[in-house]
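So you can see what is in the structure, the chains are spelled out below.
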Amino acid sequence: MSPIDQIDSNCGQDCSDSCSTSCNESLNESCNQASSENCQNTCQEEEGQLACCQLACCAVCASSGGSGDCGTFTCSIMPSGIILPLLGSIFLALIGTIILGFFQAFDSKGPLYITLIGSGCLAVGLSGVRLSNKQHHTCKNVNKDIKNVLTTKVGLFTINHSHHPKQLRENGHEFKIGHNKYFCTGCYGLLIGTIISIIIATMYIVYGINEITLSILVIMTPLCFMPIIVRYFIIKNVKTPLKLLSNCLLPVGCCFLFLIMENQFQNWTINLGLVLLTITAAYLRGLMPRIDK
C-alpha cells in the first residue's frame, strides 16, 4: 500500500474549515489512544490546517494499534464564523482604498493598486509556502512517507500542496505530478490564475489598452466565468482538468472585468465596488468546497 493510501478517506472536510473544537471532539471519540493535547495544539497553532491535524490523528491511531479509522470530522461552523471574516476583509479593503485615495486624489486606478496588493498576498497563501521551522511542529505526528506526499521541502521552506482526504483526491480535487506528489486543484488553479491576473493588470497600468485588446477582453470575460458556472451549477462531478481550468479562469475573468470597467469609466467609486465584489466572489468560492463532495 502506498503512503497516500494510508490516509483514511473519512478523515475530514476541506482545510479551510475551522478545526479547534471538532478535531478535539473527534479525537476523543475515535482515537482514544492518541494524544488529544498534540492535536489540539496543532489546530490552535495553525488554524486552517485541519487536514494536517487529521493526518496526525490517523497516524497516531495506527501507530498505537488502532484501526486508523478516525471517524468523520464534522466541522460545523456558526453563521457568524462565515460572515465575520468576509465583513472583516471588506472593511480592511475599504479602509485601505480610502486611505490610498486621499493620497492619490481618488485616482481611479487606486482600487486597482489595492487589488494587486491583495492578489499578491493571496498568491503567497495559495502557494502553501511556509518556513520549515514554523511548520516543524504542525505535522510532527504524521508518517514521514505521508508527509512527503503532502508537502515538499525546498531549502528553508516547506510547500504544503495537498490537504484533501483520499476520497476527494480520487474525485478530482487534486492532480498528481510525478509518482507521489498531489496538488490541490483549487489552491493551485487559483494560484495560476492569480499570477496571470497580476501580470495582465500590471501591463495595463504600464502600457494601457487599445480598442482591439478591449474588444478581446469583452469577448473573453464571460468565457472565463463559464467553466466555474458549469462546475458548480450544471455538472457537479467534473474531471480534474476542468476543475483546474475553472479555478484558473475565475481570477482571470475578474481581472478582465475590472480592466474593462476601469478603461470605460475610470471612476474611483465604481472600481471600489468592483474590489468589494471581487473579495465577496473570492470568499464565496472558498466556501464552495464545503458543499462540493
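Residue numbers here run from 1 along each chain, matching the order of that chain's written sequence. Local features in a predicted model are, by the rule used here, given only for residues with pLDDT of at least 70; side-chain atom pairs are given and counted only at 80 or more, and totals for whole chains, interfaces and linings are based on all residues. For the side-chain quantities, the full set of heavy atoms in the structure was used; hydrogens and water were omitted.

**Q** With reference to specific residues and values, describe the overall build of the chain.
**A** A helix here means a DSSP run of H or I that spans at least four residues, while a strand means a run of E at least two residues long, and both kinds are numbered starting from the N terminus. On a plain count of helices and strands, the chain comes out with 12 helices and five strands. For the exposure calls, accessible area comes from a 1.4 Å probe over protein chains only, and a residue counts as buried if that area is under 20% of its type's maximum, exposed if over 50%, partly exposed in between. Out of the 293 residues in the chain, the part that is buried amounts to 42%. By definition, residues are in contact when any of their heavy atoms lie within 4.5 Å. Expressed as a percentage of contacts within the chain between residues at least 6 apart in sequence, the contacts between residues at least 24 apart total 74%. Note on areas: these come from Shrake-Rupley sampling with a 1.4 Å probe, and a residue is covered only by the protein chains present in the view. Total accessible area on the chain is roughly 15200 Å²; 64% of this is exposed by carbon and sulfur atoms.

**Q** Tell me what's going on with the pairing of strand β3 (residues 157-160), and back it up with residues and numbers.
**A** Here β3 shows a buried face lined by Thr 158 and Asn 160 and an unburied face lined by Phe 157 and Ile 159. If DSSP finds at least two bridges between two strands, the strands pair. Sheet analysis places strand β1 (residues 129-131) next to β3, joined by three bridges and oriented antiparallel. Each residue of the ladder has a partner; that of Leu 131, found in β3, is Phe 157. Where strand β2 (residues 151-154) and β3 come together, four bridges link them in antiparallel fashion. Among the inter-strand pairings, Thr 151 is bridged to a residue of β3, identified as Asn 160. Linkage of β2 to β3, two consecutive antiparallel strands, is achieved through a turn of two residues, within which Gly 155 is found at a positive phi near 60°.

**Q** Any chance you could break down helix α11 (residues 240-265) for me, citing the residues and the numbers?
**A** Expected span of a helix: the number of residues minus one, times 1.5 Å. The first and last C-alpha atoms of α11 sit 38 Å apart over 26 residues, in line with the 38 Å expected at 1.5 Å per residue. Just beyond α11, the residue with positive phi is Gln 266, at close to 50°.

**Q** Tell me about the sheet that holds β2, and please be specific about residues and values.
**A** Judged by pairing direction, the sheet is antiparallel, and its three strands sit side by side in the order β1-β3-β2 without closing on themselves. Single-partner strands in this sheet number two, and they are β1 and β2. Between one strand and the next, the sheet's axes are offset by a mean angle of 30°, whatever the strand orientation. Axes here refer to lines fitted to C-alpha atoms; in helices the fit is confined to the stretch in contact. Angles between the N-to-C directions go from 0 to 180 degrees. On top of the sheet, helix α5 (residues 110-127) reaches β1 and β3; it is set at about 80° to β1, its chief contact.

**Q** Describe in detail the side chain of Ser 246, supporting the description with residues and values.
**A** Relative to the helices and strands, Ser 246 is located in helix α11. One polar contact links the side chain of Ser 246 to the main-chain carbonyl oxygen of Lys 243, over a distance of 2.8 Å. Polar contact is defined as a pair of N or O atoms within 3.5 Å, subject to the rule that within protein one atom must be able to donate a hydrogen and the other to accept it, and that residues adjacent in sequence are counted only when both atoms are side-chain atoms.

**Q** Tell me about helix α12 (residues 268-287), and name the residues and values.
**A** Taking 1.5 Å per residue as the helical rise, α12 with its 20 residues ought to reach 28 Å, and the 29 Å between its terminal C-alpha atoms agrees with that figure. Regarding α12, the residues found buried are Trp 268, Asn 271, Leu 272, Leu 274, Val 275, Arg 285 and Leu 287. At the N-terminal end of α12, a side-chain oxygen is found 2.9 Å from the backbone nitrogen of Thr 269, two or three residues along, and the residue is Asn 267.

**Q** Please give an account of the packing of α11 against α12 that cites residues and values.
**A** Contact geometry of α11 with α12 gives a least axis separation of 10 Å together with a crossing angle of 170°. Judged on the interaxial angle alone, α12 and α11 are roughly antiparallel. Every residue of α12 that contacts α11 at Asn 247, Leu 250, Cys 254, Leu 257, Phe 258, Met 261, Glu 262 and Phe 265 is listed here: Ile 270, Asn 271, Leu 274, Val 275, Thr 278 and Arg 285. Oblique is the label for every angle not falling under 35 degrees (roughly parallel), over 145 degrees (roughly antiparallel), or within 65 to 115 degrees (roughly perpendicular).

**Q** Break down the state of the cysteines for me, with residues and values.
**A** Any cysteine sulfur atom paired with another within 2.5 Å is treated as part of a disulfide. Scanning the model with the defined rule gives zero disulfides in all. Free of any disulfide, Cys 255 has its nearest neighbouring cysteine sulfur in Cys 254, separated by 8.8 Å. For Cys 255, a relative accessible area of 9% corresponds to the buried category.

**Q** Lay out the environment of Leu 242 in plain terms, naming residues and giving numbers.
**A** Structurally, Leu 242 is set in helix α11. Counting along the chain gives 12 residues from Leu 242 to Val 230, while the straight-line C-alpha distance between them is 9.5 Å.

**Q** Hey, could you go over the packing of aromatic side chains for me, with residue numbers and the actual values?
**A** Only the six-membered ring of Trp is used, alongside the rings of Phe and Tyr, when aromatic pairs are assigned; centres must lie within 6.5 Å, and planes under 30 degrees apart are stacked while those over 60 apart are edge-to-face, with the rest tilted. Here the structure, examined in full by the defined rule, presents four aromatic pairs. Taking 4.9 Å as the distance between ring centres and 90° as the angle between the ring planes, the aromatic pair formed by Phe 106 and Trp 268 counts as edge-to-face. Note that Phe 106 is positioned in the loop between α4 (79-104) and α5 and Trp 268 in helix α12, a separation of 162 residues in sequence. Judged by its relative accessible area of 14%, Trp 268 is buried. On the basis of an interplanar angle of 20° and a centroid distance of 5.7 Å, the ring pair of Phe 175 and Phe 183 is categorised as stacked. Should the NZ of a Lys or the CZ of an Arg lie within 6 Å of a ring centre and within 35 degrees of the ring normal, that charge is described as sitting over the ring. Across from the ring centre of Tyr 182, 5.6 Å away, lies the NZ or CZ of Arg 169, which sits over that ring.

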